[in-house]
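# Per-entry structural report
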Amino acid sequence: MAQNISPEQSGGAGGSSSVKHNDDSLPIKDNHAVSKRLHKELMNLMMANEKGISAFPDGENIFKWVGTIAGPTNTVYAAQTYRLSLDFPNSYPYAAPVVKFLTPCFHPNVDLQGAICLDILKDKWSALYDVRTILLSIQSLLGEPNNESPLNAQAAMMWNDQKEYKKYLDAFYEKHKDT
Amino acid sequence: MKLTIKSWTGVASWRWIANDENCGICRMSFESTCPECALPGDDCPLVWGVCSHCFHMHCIVKWLNLQPLNKQCPMCRQSWKFNIH
């Protein structure tokens, strides 16, 4: 179903100023419809029991979720687990949720505050995407960064030398162990 | 034997013929309505694009109205044109 989700195609979405918040002032007042869809997604996620990703509402509020993704195997991120926050606007799914890394993540397209530069969360968003496809896209972004429009220039520069990158990554995790 | 029918009640059923069970935008069943409507049928119809993808009319119109420039099918990103049957 999802097309164009390859992070390589994130053309115009990039740049350091891309931490744009989604417009929540759209003329859609029916929160009920949104929570209905989110409940449906939650049901499907729980039934599907997808390997490597999971997500659940963070407390009572169905508009705030916490997701986890496993670092993809055969990449420098293998064996790592990342927690992310997903904030759904009242206009979801017509507008994308705001997704951020909670676990510190050293990656060319993730800044130090956890903001993610990914086209499908910005100008390539489609109402057909959901929590599952978002998390799968971010998971594949880990192994296939878009080094053309980095949020973390240092990571983008280091990416070519995967051995050194892995070394730096291990030191990075050691440093952020407690956060 | 001669029968006299005094009254009768007609019953009909209908269903949409779509290639999917649920609307991809709202995730509600096509046999049901979009989240804004109460009665299925003509008041909350399905529409098809020439790309063959199908949605509740209210859902796809809302999506298209929120696209500033390119009115594209949310499924295949082809430019959206209503397929008039």
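Residue numbers restart at each chain and count upward from 1, following the sequence in its written direction. As a convention, the first chain written is A and the first ligand written is 1, with the rest following in written order. A pLDDT threshold of at least 70 governs which residues receive local features in this predicted model, and a stricter bar of 80 or more applies before side-chain atom pairs are shown or counted, although totals over entire chains, interfaces and linings include all residues. Derived side-chain values reflect all non-hydrogen atoms in the structure, with water molecules and hydrogen atoms excluded from consideration.

## Let's talk about the sheet that holds strand β2 (residues 64-70) of chain A
All names here are of chain A.
- Strands were regarded as paired on the criterion that DSSP finds at least two bridges between them. Labels follow the DSSP assignment, with helices taken as runs of H or I lasting at least four residues and strands as runs of E lasting at least two, numbered in each case from the N terminus. Strand order across the open sheet formed by four strands is β1-β2-β3-β4, with antiparallel pairing between neighbours. Only two strands of the sheet have a single partner each, and these edge strands are β1 (53-57) and β4 (98-101). Taken over all neighbouring pairs, the strand axes of this sheet differ in orientation by 20° on average, direction set aside.
- Across five bridges, β1 lies against β2 in antiparallel orientation. Comment: axis = line fitted to C-alpha atoms, over the contacting stretch for helices; angle = value between 0 and 180 degrees taken between N-to-C directions.

## Examining helix α2 (residues 131-143) of chain A
- To estimate the expected span of a helix, count its residues, drop one, and scale the result by 1.5 Å. The end-to-end C-alpha distance of α2 of chain A is 19 Å, a good match for the 18 Å that 13 residues give at a rise of 1.5 Å each.
- Contacts are assigned to residue pairs that have any heavy atoms within 4.5 Å of one another. Buried positions along α2 of chain A lie against α1 (31-48), β1, β2, β3 (81-87) and β4 of chain A.

## A look at the confidence of the model for chain A
Residue and element names in this part refer to chain A.
- Per-residue confidence from the prediction method is given by pLDDT, with values spanning 0 to 100. Per-residue confidence for chain A gives a mean pLDDT of 85; residues scoring 70 or more make up 83%.
- The least confident element of chain A, judged by mean pLDDT, is α1 at 91; the most confident is β4 at 98.
- For residues 1-28, every residue scores under 50 in pLDDT, and the model assigns this stretch 61 contacts once sequence neighbours within four places are set aside.

## Here we look at the nonpolar core
- Counting residues in each nonpolar core, the largest one holds 66 residues, and the members touching the most others are Trp65, Ile69, Tyr77, Phe101, Ile138 and Tyr165 of chain A together with Ile25 of chain B.
- With six residues, α2 of chain A is the single largest residue contributor to this core.
- If we skip the residues at most four places from it in the chain, Ile69 of chain A touches Gly52, Ile53, Gln80, Thr81, Tyr82, Leu84, Phe101, Leu135, Ile138, Gln139 and Leu142 of chain A. We define the nonpolar core as a collection of buried residues of types Ala, Val, Leu, Ile, Met, Phe, Trp, Tyr and Cys that are connected through side-chain atoms lying within 4.5 Å of one another. Partly exposed describes any residue whose relative accessible area lies between the buried limit of under 20% and the exposed limit of over 50%, with all areas from a 1.4 Å probe on protein chains only and scaled to the type maximum.

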